[in-house]
Amino acid sequence: MAEGNPADAALQATAAFKMMLADRGATNPRTIRYAVACARILAASGDHPAARALQAEYLPKLAQVFPADSSYRMQR
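Residues numbered from 1 in each chain as written. Predicted model: local features only at pLDDT ≥ 70, side-chain atom pairs only at ≥ 80, totals over all residues. Heavy atoms only, no water.

Chemist: Help me out: how do you make sense of the overall build of the chain in this one?
Modeler: Within the chain one finds four helices and zero strands. If you list the helices and strands of the chain from N to C, you get α-α-α-α. Rg of the C-alpha trace for the chain: 12 Å, near the compact-globule value of 11 Å for 76 residues, within the 12% margin. If you line up the chain on its principal axes, its C-alpha atoms span 30 × 25 × 25 Å. (Helix = DSSP H or I, 4+ residues; strand = E, 2+ residues; numbered from the N terminus. Rg over C-alpha atoms; globule rule 2.2 N^0.38 Å.)

As structure tokens, then:
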């Protein structure tokens, strides 16, 4: 993402998450995956408060939608 530029990667991840959220809603599995990816990138870019807020909201949803033995969770 963003050719190794963390700030641009954070912008791209946030934009993808917001588009999925608007299009599919907060409980859609793809939205949840984008939220978790966005949180990871935000944390790496130094925006820890935003990353923690996304994690607090979406990690419980991730656990509901993707069981621990799902291929998605096993790849993480």
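Chemist: I tried to follow the packing of aromatic side chains on my own but got confused; where do I start?
Modeler: The geometry of an aromatic ring pair comes down to the distance between the two centres and the angle between the two planes. In the structure shown here, the tally under the stated rule is one aromatic pair. Positioned over the ring face of Y58 is K61, at 4.6 Å from the centre of the ring. (Phe/Tyr/Trp six-rings, centres within 6.5 Å; stacked < 30°, edge-to-face > 60°. Lys NZ or Arg CZ within 6 Å of the ring centre and 35° of its normal.)

Chemist: Would you take a moment to explain the side chain of S70 for this structure?
Modeler: Considering the arrangement of structural elements, one finds S70 in the loop between α3 (48-65) and α4 (71-75). When its relative accessible area of 14% is taken as the criterion, S70 is described as buried. (Buried < 20%, exposed > 50% of the residue type's maximum accessible area, 1.4 Å probe, protein only.)

Chemist: Explain the pattern of salt bridges to me, please; I cannot follow it from the model alone.
Modeler: Pairing between side chains of opposite charge can happen when the charged atoms of each approach one another. As enumerated under the stated definition, the model contains two salt bridges in all. Residue D23 is joined to R24 by a salt bridge in which the shortest nitrogen-to-oxygen separation is 3.1 Å. Overall, R24 belongs to the exposed group, its relative accessible area being 54%. For the salt bridge of E57 with K61, the shortest nitrogen-to-oxygen distance reads 3.6 Å. Of this pair, E57 and K61 both sit in helix α3, four residues apart, which is roughly one turn of that helix. The exposure class assigned to K61 is buried, which follows from its relative accessible area of 19%. (Salt bridge = Lys/Arg side-chain N within 4 Å of Asp/Glu carboxyl O.)

Chemist: Before we go on, may I ask you to explain α3 in this structure?
Modeler: Residues spaced three or four apart along an α-helix face the same direction, because each turn holds 3.6 residues. Given a rise of 1.5 Å per residue, 18 residues ought to cover 26 Å, and the 25 Å separating the end C-alpha atoms of α3 matches this to within 8%. A maximum bend of about 35° is found in α3 at Y58, where proline P60 lies one to four positions downstream. Of all the positions in α3, only A51, L54, Y58, K61 and L62 are classed as buried. Capping the start of α3 is the job of one residue whose side-chain oxygen sits 3.4 Å from the backbone nitrogen of A50: D47. (Expected span 1.5 Å × (residues − 1). Bend = angle between axes of the 7 residues up to and from the residue. Polar contact = N/O pair within 3.5 Å; in protein donor to acceptor, adjacent residues only side chain to side chain.)

Chemist: Explanation requested: the nonpolar core in the structure shown.
Modeler: Soluble globular proteins tend to bury their nonpolar side chains together. Residues F17, C38, L42, L54, Y58 and L62 are the most contacted members of the largest nonpolar core, which totals 15 residues. Elements with a minimum of two residues in this core: α1 (6-24), α2 (29-45) and α3. If one sorts the elements of this core by residue count, α2 sits on top with six residues. When near neighbours in sequence (up to four residues on either side) are disregarded, Y58 contacts F17, L21, A26, T31, I32 and A35. (Core = buried A, V, L, I, M, F, W, Y, C linked by side-chain atoms within 4.5 Å. Contact = heavy atoms within 4.5 Å.)

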